[in-house]
2 protein chains.
Amino acid sequence: MFESAELGHSTDKDTYRQAVPALRAELLDAQLDLLELRQFAVVVLVNGVDKAGKGETVNLLNEWMDPRHIQTWAFDAPSAEESERPYMWRFWRALPPRGKIAVMFGNWYTQPIFERVDRTSKKAELDKRLDDIRRFESMLAQEGVLLIKFWFHLPRDAQKARLKALEKDPRTRWRVTERDWRYYNLYERYREVAGHVLRTTSTAAAPWLIVDGSDANYRALFVGRTLLSALRRRLDAASQHWTPRLSVAPLPPRVDGLNVLDALVRQDMKRKDYDDQLERLQGRLALLSRSPAFRTRALVLVFEGMDAAGKGGAIRRVVGALDARQYRVIPVAAPTDEESAQPYLWRFWRHLPRRGKVVVFDRSWYGRVLVERVEGFCSEADWMRAYAEINDFEDELASAGAVVVKFWLAISKDEQLARFKERESEPHKHFKITEEDWRNRDKWDEYSRAVCDMVDRTSTEYAPWTLVEADDKHFARIKVLRTICERLEAALG
Amino acid sequence: MFESAELGHSTDKDTYRQAVPALRAELLDAQLDLLELRQFAVVVLVNGVDKAGKGETVNLLNEWMDPRHIQTWAFDAPSAEESERPYMWRFWRALPPRGKIAVMFGNWYTQPIFERVDRTSKKAELDKRLDDIRRFESMLAQEGVLLIKFWFHLPRDAQKARLKALEKDPRTRWRVTERDWRYYNLYERYREVAGHVLRTTSTAAAPWLIVDGSDANYRALFVGRTLLSALRRRLDAASQHWTPRLSVAPLPPRVDGLNVLDALVRQDMKRKDYDDQLERLQGRLALLSRSPAFRTRALVLVFEGMDAAGKGGAIRRVVGALDARQYRVIPVAAPTDEESAQPYLWRFWRHLPRRGKVVVFDRSWYGRVLVERVEGFCSEADWMRAYAEINDFEDELASAGAVVVKFWLAISKDEQLARFKERESEPHKHFKITEEDWRNRDKWDEYSRAVCDMVDRTSTEYAPWTLVEADDKHFARIKVLRTICERLEAALG
């Protein structure tokens with residue numbers, strides 16, 4: 001992995017001075033094209049051995065290009081706001097919008113590597129995390145993010161010499177800490193772990209690029225030119241309306257008429273039973289959400305369903321049991337322009353709850369495999385990969401302690417018609433029915449097909465779907481509340 | 001202040017049951033109108049005596065209205081991310097966009113009141129903060145935010161009885177803490193401080209509304225109806241295209257041709273001097289920004305100037321001295337749609353630096369009194385009040401430890417023309433010149449007038465303007481760097 005980087009590359013002063021002006025001009029050019037095109041974002045990861053010139057090189061990039069459109073992020077230990085959410089939350093927060101460049105020091109690789117070097121994590125744990133990272137980066141690539149990963153390398157002797165030299169000069173002495181020497185002593189182990197990480201996370205879309213950090217001129221030209229060629233190649237492709245080629249295997253055809261939605265049978269509940277059970281279940285949920293055990297967990301509720309399926313009514317019965325300080329309802333509508341400039345899941349990550357809190361999504365990330373699929377708002381390749389991306393996302397939520405409960409409120413086509421007509425006739429509910437609702441209704445079968453695929457492909461042990469027979473609103477609300485209580489009880493033990 | 005609230009109001013069960021359905025329907029209606037109109041946001045503050053039913057009432061509001069469009073915020077002790085920024089930062093983060101309602105428990109009043117009750121702040125400090133709050137709330141009102149402030153009151157005996165009753169019941173015992181009893185013992189002092197706070201912050205636009213918290217039915221109807229009438233009144237006014245009436249005193253006319261811009265005399269600097277000084281000043285700034293003393297401060301730089309004044313070039317020379325991990329450059333362009341739905345200063349608050357960090361604004365909040373004034377993008381009343389609002393904003397920054405340095409890069413009309421022509425002729429710089437630049441140039445005199453007013457009205461001891469003679473780029477960059485170094489040195493001591 002590090003062979004070429006240990007050859008002792010160097011660039012003499014004259015060559016360097018001659019090369020820089022053209023490189024700067026071209027980098028600046030590429031950056032402006034990126035900004036003007038606004039078609040993709042660039043994420044540059046900077047990792048590697050201490051004192052191999054990471055900071056110096058990034059400072060130089062900022063000097064060469066327009067610093068107004070580069071965001072540089074350094075991640076130290078997570079803050080309280082960060083540590084109460086899934087591991088990847090703070091990196092999602094730092095993703096650049098299309099047209100911009102983000103440089104990330106201390107990114108998603110840092111903690112997994114250091115924990116393995118320090119032996120606070122097992123080999124299997126590291127491999128699980130690398131697997132997560134591979135899938136995350138593949139998602140970024142599919143979303144159009146250009147990901148460039150630099151690893152700054154120094155041979156052991158060179159690192160030692162660098163540390164000694166810095167210590168000797170009173171002006172730079174402060175840059176060498178005890179921690180630096182501790183990790184210098186772990187050099188061989190660090191090299192071994194890094195080699196493993198780099199090999200298993202070098203993919204066609206985002207290979208690791210090893211930088212020989214021993215000579216400042218060489219490494220600056222290497223990083224600058226690598227960045228330039230990656231940018232330029234992608235810009236050229238983009239201007240030719242190139243889209244990533246993906247081979248999409250078609251979903252299997254339906255052979256018979258059986259499906260999970262049609263298999264549901266209408267369930268009714270009497271008003272009196274409803275009133276009784278509502279009160280009992282709300283009380284149960286109130287206690288659960290206020291229990292000490294819940295303070296280290298979080299609750300993420302997802303409500304999906306055809307128009308007029310009763311999502312709003314069900315949500316009100318759920319939050320009626322909660323303290324208003326504790327929950328937030330997120331009605332999912334068209335993305336804002338800040339959201340459209342980001343990878344698809346970004347607008348959901350920003351709403352994730354802290355510990356002890358509840359977030360209710362009224363419609364959700366499943367829009368990708370429902371409305372966007374049916375209406376053709378995204379390509380088949382996009383919604384096909386979304387199943388796995390969504391499963392990964394919910395896995396991260398669950399691993400961070402959130403209880404994820406997902407409901408499909410299922411109504412029949414006849415019941416929907418009855419509710420539409422009722423809404424049209426009552427002035428109070430009139431606002432709830434639009435032209436679009438009628439148009440969606442015409443595509444009932446396509447939506448049903450999409451729902452069945454969604455349930456098949458995203459019902460997981462950590463975030464199963466609950467199909468709710470919703471022709472009778474009372475029955476539906478009680479089933480929703482009971483499911484939440486049961487899932488919480490199982491989780492809180 | 002609390003006289004009427006101590007009369008022992010109560011509403012019997014039947015009256016309450018009869019009144020609720022109509023109130024709910026009307027509240028929901030008003031909420032929908034608010035959402036559809038998207039013309040103003042609503043902020044409801046909930047403060048008062050412990051155990052006076054604050055939480056219960058807010059839960060009820062969420063039940064009565066559509067919880068998807070109410071955001072409820074509870075502020076405890078500030079997190080690290082919050083405490084490293086000005087006091088108001090977390091409240092700005094929580095402001096709702098137009099069309100939505102935010103309910104805030106534990107808002108900007110909480111800390112000033114408790115610190116005074118605990119005697120950790122002096123009377124004069126409290127009064128300073130109340131003054132800040134009055135100006136902040138007046139800004140919100142001018143920005144169209146409907147602010148409704150509820151104070152939940154309980155007489156001392158009633159509070160004691162409530163605490164005892166909660167303690168007696170095993171299901172509610174957990175709700176009574178030692179802290180509750182401690183503050184119960186301070187009841188008289190709390191009442192006295194609260195009375196003072198309420199009196200001095202009750203304004204015509206946002207008076208305090210005292211809620212008698214002793215009876216649950218009464219307080220629910222009181223809060224619901226008060227909220228409804230405030231919403232309805234404002235909605236009616238909005239639908240009649242009503243705008244707040246403000247009497248604006250005109251700025252004084254110019255009697256002679258003297259102004260601070262014309263008083264500037266071109267300054268030149270030789271290339272050699274420039275190179276020498278640049279290196280020295282960048283070194284000085286590098287050391288200052290890395291000094292331990294800077295870790296508890298922050299640096300906010302503002303660059304303004306006519307088109308082609310050299311802002312970008314100056315910024316690059318400044319950040320060239322900084323570590324890329326430490327600074328962020330914010331190029332200010334048209335607001336995003338999320339930003340347009342908020343009070344004017346919101347989009348700048350979101351970028352404020354933590355301790356030890358630098359934020360560079362390439363154009364800034366001064367757009368309000370420059371381009372927006374000249375182009376008529378906002379009313380005279382809006383930009384006239386902006387001077388005071390901006391001064392308050394920068395005062396908050398400075399009080400939180402930030403060093404605020406503001407530059408006006410002044411070029412002559414001739415120099416601008418020369419630079420425009422140069423940009424047009426060089427393919428590399430062509431992107432930098434647009435139709436709009438030529439149009440702005442036609443309004444040179446109006447812009448100059450706006451700049452002079454701006455400097456007169458927003459140059460404060462805590463955030464003075466530095467006018468930079470910028471016809472010679474070298475001179476300008478050196479003056480910028482030297483000013484930053486001097487301001488930092490003075491601040492770091």
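Quick notes on the rules
Residues numbered from 1 in each chain as written. Chains lettered and ligands numbered in written order. Predicted model: local features only at pLDDT ≥ 70, side-chain atom pairs only at ≥ 80, totals over all residues. Heavy atoms only, no water. Helix = DSSP H or I, 4+ residues; strand = E, 2+ residues; numbered from the N terminus. Buried < 20%, exposed > 50% of the residue type's maximum accessible area, 1.4 Å probe, protein only. Areas by Shrake-Rupley, 256 points an atom, 1.4 Å probe, with all protein chains shown as cover. Domains from an automatic or database assignment. Buried area = accessible area lost by both parts, 1.4 Å probe. Salt bridge = Lys/Arg side-chain N within 4 Å of Asp/Glu carboxyl O. Contact = heavy atoms within 4.5 Å. Polar contact = N/O pair within 3.5 Å; in protein donor to acceptor, adjacent residues only side chain to side chain. Nonpolar A, V, L, I, M, F, W, Y, C, P; charged D, E, K, R; others polar. Least-squares fit on C-alpha atoms with pLDDT ≥ 70 in both. Phe/Tyr/Trp six-rings, centres within 6.5 Å; stacked < 30°, edge-to-face > 60°. Lys NZ or Arg CZ within 6 Å of the ring centre and 35° of its normal. Pairing = 2+ DSSP bridges. Axes fitted to C-alpha atoms, helices over the stretch in contact; angles between N-to-C directions. UniProt positions renumbered as here; feature names shortened; annotations may be inferred. Core = buried A, V, L, I, M, F, W, Y, C linked by side-chain atoms within 4.5 Å. Parallel < 35°, antiparallel > 145°, perpendicular 65-115°, else oblique. Left-handed = near helix turned anticlockwise from the far one by under 90°.

Where do I start with the overall build of chain A in this structure?
The number of helices and strands found in chain A is 20 helices and 10 strands. When each of the 493 residues of chain A is scored for burial, the buried share is 55%. If you sum the accessible surface of chain A, you get close to 22,300 Å²; carbon and sulfur atoms cover 51% of it.

So what exactly am I meant to see when it comes to the domain arrangement of chain A here?
When the parts of a complex come together, some accessible area is lost, and that lost area is often taken as the interface size. Residue and element names in this part refer to chain A. According to the domain assignment, chain A consists of domain 1 (4-239) and domain 2 (271-492). Here the C-alpha centroids of domain 1 and domain 2 sit 39 Å apart. In total, about 2,000 Å² of surface goes out of reach between domain 1 and domain 2, with carbon and sulfur atoms giving 51% of it. Linking domain 1 with domain 2 are five salt bridges, by the criterion used here.

Sorry, what's going on with the interface of chain A and chain B here?
Taken residue by residue, the interface counts 47 residues in chain A and 46 residues in chain B. Summed over both sides, the interface between chain A and chain B buries roughly 3,900 Å², with carbon and sulfur atoms accounting for 52% of that surface. Considering only the surface of chain A that becomes buried against chain B, Arg68(A), Arg316(A) and Arg325(A) emerge as the three largest contributors, covering 18% of it. Between the two partners, chain A and chain B, sit four salt bridges. For Arg68(B), the salt bridge identified is with Asp362(A), shortest N-O distance 2.6 Å. On inspection of chain A and its partner chain B, the count reaches 17 residue pairs in polar contact (both at pLDDT 80 or more). Secondary structure elements with two or more residues in the side of chain A that touches chain B: helix H1 (13-37), helix H2 (54-64), strand S2 (70-74), helix H3 (80-83), helix H12 (311-319), strand S7 (327-331) and helix H13 (337-340) of chain A. Broken down by element, the side of chain A that touches chain B gets its largest block of residues, six residues, from H2(A). Residue classes in the side of chain A that touches chain B are distributed as 18 nonpolar, 10 polar and 19 charged.

Hey, could you run me through the relation of the copies chain A and chain B in this one?
Between the two copies of the chain lies a rotation about an axis combined with a shift along it. If you rotate chain A by 180° and push it 0.1 Å along the axis, it lands on chain B with an RMSD of 0.1 Å. Taken together, the rotation angle and the small translation identify this as a two-fold axis. Considering only C-alpha atoms, the part of chain A nearest the rotation axis is Asp337(A), at 3.2 Å. Taken together, the interface assignments show that 98% of the residues at the interface of chain A recur at the interface of chain B, consistent with an identical surface on both copies.

How should I be thinking about the packing of aromatic side chains in this particular structure?
Each aromatic ring pair is specified by the distance between its two centres and by the angle formed by the two planes. This model, assessed by the stated rule, comprises 50 aromatic pairs over all chains. When the ring of Trp92(B) is compared with that of Trp349(B), the centres are 5.2 Å apart and the planes differ by 20°; the resulting orientation is stacked. Of the two residues, Trp92(B) sits in helix H4 (residues 89-93) while Trp349(B) sits in helix H14 (residues 346-349), which places them 257 residues apart along the sequence. What makes Trp92(B) buried here is its relative accessible area of 3%. Judged by relative accessible area, which is 1%, Trp349(B) ranks as buried. A cation sits over an aromatic face here: Arg129(A) above Tyr87(A), 4.6 Å from the ring centre.

Explanation requested: the sheet that holds strand S10 (residues 465-469) of chain A in the structure shown.
One key point about sheets: their strands pair by backbone hydrogen bonds, in either a parallel or an antiparallel sense. All names here are of chain A. Across the sheet, five strands lie side by side as S7-S8-S6-S9-S10; this open sheet has parallel pairing. Because the sheet does not close on itself, it has two edges, and the strands there are S7 and S10. Across this sheet, the average inter-strand angle for adjacent strands is 20°, counted without regard to direction. When S7 meets strand S8 (residues 358-362), the two strands line up parallel, connected through five bridges. Among the inter-strand pairings, Val329 is bridged to a residue of S8, identified as Val360. Taken strand by strand, H12 contacts strand S6 (298-305), S7, S8 and strand S9 (402-410), and its axis lies near 160° from that of S6.

In this structure, what is going on with the sheet that holds S2(A)? I would like to understand it.
Residue and element names in this part refer to chain A. Spatially, five strands are ordered S2-S3-S1-S4-S5 in an open sheet, and the strand pairing comes out parallel. Only two strands of the sheet have a single neighbouring strand rather than two, namely S2 and strand S5 (208-212). Strand-to-strand twist of the sheet, defined as the mean angle between neighbouring strand axes without regard to direction, takes the value 20°. Direction of pairing for strand S1 (residues 42-48) relative to strand S3 (residues 101-105): parallel, over a ladder of five bridges. From the neighbouring strand, Val44 faces S3, where its bridge partner is Val103.

Would you explain the UniProt feature "domain: Polyphosphate kinase-2-related" (unreviewed entry) in chain A in this entry?
The feature "domain: Polyphosphate kinase-2-related" (unreviewed entry), as annotated in UniProt, sits at residues 11-233 and 269-490 of chain A in this numbering. With 57% helix and 13% strand, residues 11-233 of chain A has its two end C-alpha atoms placed 25 Å apart.

Looking at this structure, how should I read the nonpolar core?
Soluble globular proteins: nonpolar side chains tend toward being buried together. Counting residues in each nonpolar core, the largest one holds 304 residues, and the members touching the most others are Trp108(A), Trp365(A), Trp108(B) and Trp365(B). The residues contacting Trp108(A), other than those within four sequence positions of it, are Val43(A), Leu45(A), Tyr87(A), Met88(A), Phe91(A), Ile133(A), Phe136(A), Glu137(A), Leu140(A) and Leu147(A). Listed in part, the five residues of the second largest apolar core include Leu166(B), Val176(B), Trp181(B) and Tyr184(B).

Please clarify how the packing of helix H5 (residues 110-117) of chain A against helix H9 (residues 187-200) of chain A should be interpreted in this entry.
Residue and element names in this part refer to chain A. Interaxial distance between H5 and H9 falls to 9 Å at its minimum, and their mutual angle equals 135°. It follows from the interaxial angle that H5 and H9 lie oblique. Crossing of H5 over H9 shows right-handed handedness. Of H9, the residues touching H5 (which contributes Ile113, Phe114, Arg116 and Val117) are Arg189, Tyr190, Val193 and Val197.

Is there a simple way to think about the environment of Arg116(B) in this case?
All names here are of chain B. Mapped onto the fold, Arg116 is located in helix H5 (residues 110-117). Arg116 gets classed as buried once you look at its relative accessible area, which sits at 17%. When the C-alpha positions of Arg116 and Arg189 are compared, they lie 9.2 Å apart, and in sequence the two are 73 residues distant. Not counting the four nearest positions on each side in its chain, Arg116 is found in contact with Ser121, Lys122, Lys123, Leu126, Arg189 and Val193.

When you look at the packing of helix H6 (residues 123-142) of chain A against helix H16 (residues 380-399) of chain A in this model, what are you seeing that I'm missing?
Two packed helices can be described by the angle between their axes and the distance between those axes. Residues and elements named next belong to chain A. Relative orientation of the contacting elements H6 and H16 amounts to 135°, with a least axis distance of 11 Å. With respect to H16, the element H6 is oriented oblique. Of the two elements, H6 crosses H16, and the hand of that crossing is left-handed. Between H6 and H16, the contacting residues are Lys128, Arg135, Met139 and Gln142 on the first element and Arg385, Glu389, Asp392 and Asp395 on the second.

Would you take a moment to explain H2(A) for this structure?
Working note: α-helix, 3.6 residues per turn, so residues spaced by three or four point in the same direction. Burial runs high along H2(A): eight of the 11 residues are buried. The complete set of buried residues in H2(A) reads Lys54(A), Gly55(A), Thr57(A), Val58(A), Asn59(A), Leu61(A), Asn62(A) and Trp64(A).

In this structure, what is going on with the pairing of strand S9 (residues 402-410) of chain B? I would like to understand it.
The side chains of a regular strand alternate between both faces of the sheet. All names here are of chain B. Across the nine residues that make up S9, a large majority, nine, are buried. Of the two faces of S9, the one lined by Ala402, Val404, Lys406, Trp408 and Ala410 and the one lined by Val403, Val405, Phe407 and Leu409 are each fully buried. Where S9 meets strand S10 (residues 465-469), five bridges bridge the pair, whose relative direction is parallel. Looking across to S10, one finds that Lys406 is bridged to Trp465.

Would you take a moment to explain the pattern of salt bridges for this structure?
Proximity of charged atoms lets side chains of opposite charge pair with each other. Scanning all chains against the criterion turns up 77 salt bridges over all chains. The salt bridge partner of Arg350(A) is Glu338(B), with a shortest N-O separation of 3.0 Å. Residue Arg350(A) is found in the loop between helix H14 (346-349) and S8, and its partner Glu338(B) is found in helix H13 (residues 337-340); the two belong to separate chains. For Lys149(B), the salt bridge goes to Glu137(B), with nearest N and O atoms at 2.6 Å. Linking Lys149(B) in strand S4 (residues 146-153) with Glu137(B) in helix H6 (residues 123-142), this pair joins segments that are 12 residues apart in sequence. In this structure, Lys149(B) and Glu137(B) share a single accessibility class: buried. Several salt bridges share partner residues, and in doing so they unite Lys128(A), Asp131(A), Asp132(A), Arg134(A), Arg135(A), Asp392(A) and Asp395(A) into one network.

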